[in-house]
Amino acid sequence: MKNRAMLIGAIGAGKSTLTNALLGVEVKAYKTQTLIYYDWIVDTPGEYTENPMFYKNIMATALEVTHVFYLQDATSDKVTFPPGFTMGIPKIPIGVITKSDHTKAKIAESIERIRSVISYGPIVITSSVENIGIEHLKNLVQFNDMDSIKKYVHDSEDEKLLFSDSFTVN
Ligand SMILES: Nc1nc2c(ncn2[C@@H]2O[C@H](COP(=O)(O)OP(=O)(O)O)[C@@H](O)[C@H]2O)c(=O)[nH]1
Ligand SMILES: [Mg+2]
């Protein structure tokens, strides 16, 4: 299977804007009511994440991808994903904090939130508007195992790229 990422996150978290930034093209901006397949990205409706009734849709769509981007809006106080949510989805998890450029962005709080969702995996602080962290996301999707991802994160020495590891005590 070609490496592909599914984007999940609340309504307004920035999924469609991030899709544009990742693809480097302006795809039509509208409220995504259904799954939209682009080249290597699957954009999902925010309802999938906000309503547990749709979790089965997330599971089904996950079968078609290699990576899942879990979006946490830095400007939102909403708890988007239940703790440990990534454990139920057997695909490489990547935490994405969106809107880091925003004046109301709460980065530290967002990192803590996404850490509780991603027990073991990378977290990227991004801004689709200012093109921050976008390159890291593209690079991360090329890796097929977490050891390579962990090495990439450490070698990058970028404070906007973290690795969440709640399993290893050190
Ligand atoms: N400041 C800022 N605003 C953003 C960013 N990404 C998205 N937004 C805004 O957040 C709103 C929701 O974005 P959208 O991509 O439609 O969210 P979606 O519902 O998850 O697809 C829009 O008004 C975007 O302009 C960002 O990186 N920075
Ligand atoms: Mg959208």
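Scroll up to find the structure this text is about.
Being a predicted model, the structure only gives us computed values, none of them experimental.

Draft legend 1. Structural context of the site of ligand 1. Neighbouring ligand 1 are 14 residues; Gly12, Lys15, Thr17, Asp101 and Ser128 lie closest to it. A distance of 3.2 Å separates an oxygen atom of ligand 1 from a polar backbone atom of Ala13. Take Asp101: an N or O atom from its side chain is 2.7 Å from a nitrogen atom of ligand 1. Relative to its unbound accessible area of 590 Å², ligand 1 is 68% covered by the protein chains. A breakdown of the residues in the shell around ligand 1 according to their chemical character gives four nonpolar, seven polar and three charged.

Draft legend 2. Broad picture of the pairing of strand β6 (residues 120-125). Among the six residues of β6, five are classified as buried, and the element is accordingly described as predominantly covered. As paired elements, strand β5 (residues 92-98) and β6 share three bridges and run parallel to each other. Bridge pairing links Val96 to Val124 in β6. Bridge count for β6 against strand β7 (residues 161-165) is five bridges, and the pairing is antiparallel. Looking at the pairing, Ile123 lines up with Leu162 of β7.

What counts as what
- Residues numbered from 1 in each chain as written.
- Chains lettered and ligands numbered in written order.
- Predicted model: local features only at pLDDT ≥ 70, side-chain atom pairs only at ≥ 80, totals over all residues.
- Heavy atoms only, no water.
- Near = heavy atom within 4 Å.
- Polar contact = N/O pair within 3.5 Å; in protein donor to acceptor, adjacent residues only side chain to side chain.
- Areas by Shrake-Rupley, 256 points an atom, 1.4 Å probe, with all protein chains shown as cover.
- Nonpolar A, V, L, I, M, F, W, Y, C, P; charged D, E, K, R; others polar.
- Buried < 20%, exposed > 50% of the residue type's maximum accessible area, 1.4 Å probe, protein only.
- Helix = DSSP H or I, 4+ residues; strand = E, 2+ residues; numbered from the N terminus.
- Pairing = 2+ DSSP bridges.

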